[in-house]
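Listed here are the chains, written in short residue letters.
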Amino acid sequence: PIRLLAPHLILALVVPFIVAQEPQNPPMSAPPPLKIISKTERAQIEAERNVKDRLKLTIQLAGVHLGLAEKYTAQSSYEAASAEVGAYHALIENALLFLASMKRDSNKTRDLYKRLELALRGDGPRLTSMRRVTPLEFAVWIKKAEDYAREGRTEALNSFYGHTVV
């Protein structure tokens with residue numbers, strides 16, 4: 001009689017443990033923000049013929065979007081903040097693509113990269129602090145923008161070094 005009871009006892013003890021170990025569904029993330037530059041901003045950027053002024057304007061517009069994202073985050077309006085982070089990301093991406101199309105070994109290009117690197121250096125902590133107070137479903141996309149800005153800084157710093165190793 002004890003032998004017959006043992007398998008049932010084991011099942012009674014093991015089944016609740018197995019059920020408790022089922023993986024939980026991961027939290028749904030919010031849709032990614034659209035990386036779009038508005039028509040008016042694009043027109044402003046393309047109207048600048050001087051490359052230095054063009055980059056300054058792009059950095060300034062990106063800073064405005066980042067400031068709005070911080071404001072919306074403080075107000076717990078995470079969807080609006082996410083949209084602003086998307087616009088910021090698009091502007092930084094546009095600036096990097098513009099600089100990549102220029103002559104790499106020029107001092108003028110290096111100066112422009114340095115200007116962008118300095119701006120991105122200041123944006124990193126701002127993005128990090130926003131991400132820390134944002135719910136996970138939105139913080140994922142802020143992290144992507146933060147990583148992209150970090151990669152942009154790396155690209156800007158790499159422009160100061162040649163392609164050869166001594």
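Everything that follows concerns the structure shown earlier in this document.
Keep in mind that this is a model prediction, so the values were computed, not measured.

In this section: the overall build of the protein. Along its length, the protein carries six helices and zero strands. Starting at the N terminus and walking to the C terminus, you meet the elements of the protein as α-α-α-α-α-α. Looking at the 166 residues of the protein, the share that counts as buried comes to 34%. Restricting the contact set of the protein to residue pairs at least 6 apart, pairs at least 24 apart contribute 69%. Of the accessible surface of the protein, which amounts to about 10,900 Å², a share of 60% is contributed by carbon and sulfur atoms.

Okay, the nonpolar core next. Membership of the largest hydrophobic core comes to 31 residues, with the highest contact counts inside it found for Leu55, Tyr88, Ile92, Leu99, Leu116, Leu127 and Met130. Sorting the residues of this core by element identifies helix 3 (51-74), helix 4 (78-100), helix 5 (107-133) and helix 6 (136-158) as the ones contributing at least two each. In terms of residues, this core owes the most to one element, helix 4, which gives nine residues. Filtering out sequence-adjacent residues up to four positions away, Leu99 remains in contact with Leu55, Thr109, Leu112, Tyr113 and Leu116.

The residue Ser76 is not glycine, and still its phi comes out positive at about 60°. Taking the relative accessible area as the measure of exposure, Ser76 reaches 48% and is therefore partly exposed.

We now examine the packing of helix 2 (residues 39-47) against helix 3. Packing of helix 2 against helix 3 leaves a shortest axis separation of 8 Å and a crossing angle of 155°. As judged from the angle between their axes, helix 2 and helix 3 are roughly antiparallel. In this structure, helix 2 meets helix 3 at a crossing whose hand is right-handed. Listed contacts from helix 3 to Glu41, Gln44, Ile45 and Glu46 of helix 2 are Arg54, Leu57, Thr58, Leu61 and His65. Along the lines of polarity and charge, the residues of the contact of helix 2 with helix 3 split into three nonpolar, three polar and three charged.

What counts and how
- Residues numbered from 1 in each chain as written.
- Predicted model: local features only at pLDDT ≥ 70, side-chain atom pairs only at ≥ 80, totals over all residues.
- Heavy atoms only, no water.
- Helix = DSSP H or I, 4+ residues; strand = E, 2+ residues; numbered from the N terminus.
- Buried < 20%, exposed > 50% of the residue type's maximum accessible area, 1.4 Å probe, protein only.
- Contact = heavy atoms within 4.5 Å.
- Areas by Shrake-Rupley, 256 points an atom, 1.4 Å probe, with all protein chains shown as cover.
- Core = buried A, V, L, I, M, F, W, Y, C linked by side-chain atoms within 4.5 Å.
- Axes fitted to C-alpha atoms, helices over the stretch in contact; angles between N-to-C directions.
- Parallel < 35°, antiparallel > 145°, perpendicular 65-115°, else oblique.
- Left-handed = near helix turned anticlockwise from the far one by under 90°.
- Nonpolar A, V, L, I, M, F, W, Y, C, P; charged D, E, K, R; others polar.

Treat this as a map of the structure, not an account of what it does.
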